[in-house]
Amino acid sequence: MFTKNDLAILEYDTPEFAVVRPGRYVLCAVTGQQIALEDLKYWSAEFQEAYVDAKASATAIIAGGAANLPKS
């Protein structure tokens, strides 16, 4: 159905997410790191973003979404 390297598309809600397009991972909105779906624990329903860890989540939430973070 999908290959090992497929990017999933999710709709983030609280307390769950829905799979829009099946895949094996999503990308962290802050770091760009791949996050396996089975390891996904942090996301924002408001900003529709996934985060690799609590630090990335807090950083994005404080900024009002990862799009508002300064580009490095």
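Our subject is the structure that appears above.
All residue numbers here refer to positions counted from 1 along the written sequence of the relevant chain. Where totals are concerned, whole chains, interfaces and linings use all residues; where local detail is concerned, this predicted model gives features only for residues with pLDDT of at least 70, and gives and counts side-chain atom pairs only at 80 or more. Excluded from the side-chain calculation are hydrogens and water; included are all heavy atoms of the structure.

Side note on the packing of aromatic side chains
The description of an aromatic ring pair rests on the distance of the ring centres and on the angle between the ring planes.
Alright, step 1. Here a pair means two rings of Phe, Tyr or Trp (six-membered ring of Trp) with centres within 6.5 Å. Their orientation is stacked below 30 degrees between planes, edge-to-face above 60, and tilted elsewhere. Evaluated as defined, the whole model comprises 2 aromatic pairs.
Alright, step 2. Between phenylalanine 17 and tryptophan 43, the ring centres sit 5.2 Å apart and the planes meet at 85°, which makes this aromatic pair edge-to-face. Within this pair, whereas phenylalanine 17 is found in strand β2 (residues 17–21), its partner tryptophan 43 is found in strand β5 (residues 42–44), the two being separated by 26 residues in sequence.
Alright, step 3. Between buried and exposed lies partly exposed: a residue is buried under 20% and exposed over 50% of the maximum accessible area for its type, with that area taken using a 1.4 Å probe on protein chains only. Overall, the relative accessible area of 26% leaves phenylalanine 17 in the partly exposed class.
Alright, step 4. Site record: aromatic cluster; members linked through ring pairs are Tyr12, Phe17 and Trp43. Secondary structure elements follow DSSP: runs of H or I no shorter than four residues count as helices, runs of E no shorter than two count as strands, and numbering proceeds from the N terminus.

Regarding the pairing of strand β1 (residues 9–12)
Alright, step 1. The alternating pattern of β1 places Leu10 and Tyr12 on a buried face and Ile9 and Glu11 on a face that is not buried.
Alright, step 2. Criterion used throughout: strands pair if DSSP finds at least two bridges between them. As paired elements, β1 and β2 share 4 bridges and run antiparallel to each other. Opposite glutamate 11, over in β2, you have alanine 18 as the bridge partner.
Alright, step 3. Between β1 and β2, which pair antiparallel in sequence order, lie 4 residues.

Quick notes on the nonpolar core
Alright, step 1. The set of buried Ala, Val, Leu, Ile, Met, Phe, Trp, Tyr and Cys residues whose side-chain atoms join them within 4.5 Å is what this entry labels a nonpolar core. Judged by nonpolar contacts, the single largest core of 14 residues is most densely connected at Leu10, Tyr12, Val26, Ile35, Leu40 and Ala50.
Alright, step 2. Broken down by secondary-structure element, the contributors of at least two residues to this core are β1, β6 (49–51) and α1 (54–63).

Considerations on unusual backbone geometry
Alright, step 1. A cis amide bond links threonine 14 with the next residue in sequence, proline 15, at an omega value of 5°.
Alright, step 2. With respect to the element layout, proline 15 can be found in the loop between β1 and β2.
Alright, step 3. Residues other than glycine seldom take positive phi values, yet glutamine 48 does so here, at roughly 55°.
Alright, step 4. Mapping glutamine 48 onto the fold places it in the loop between β5 and β6.

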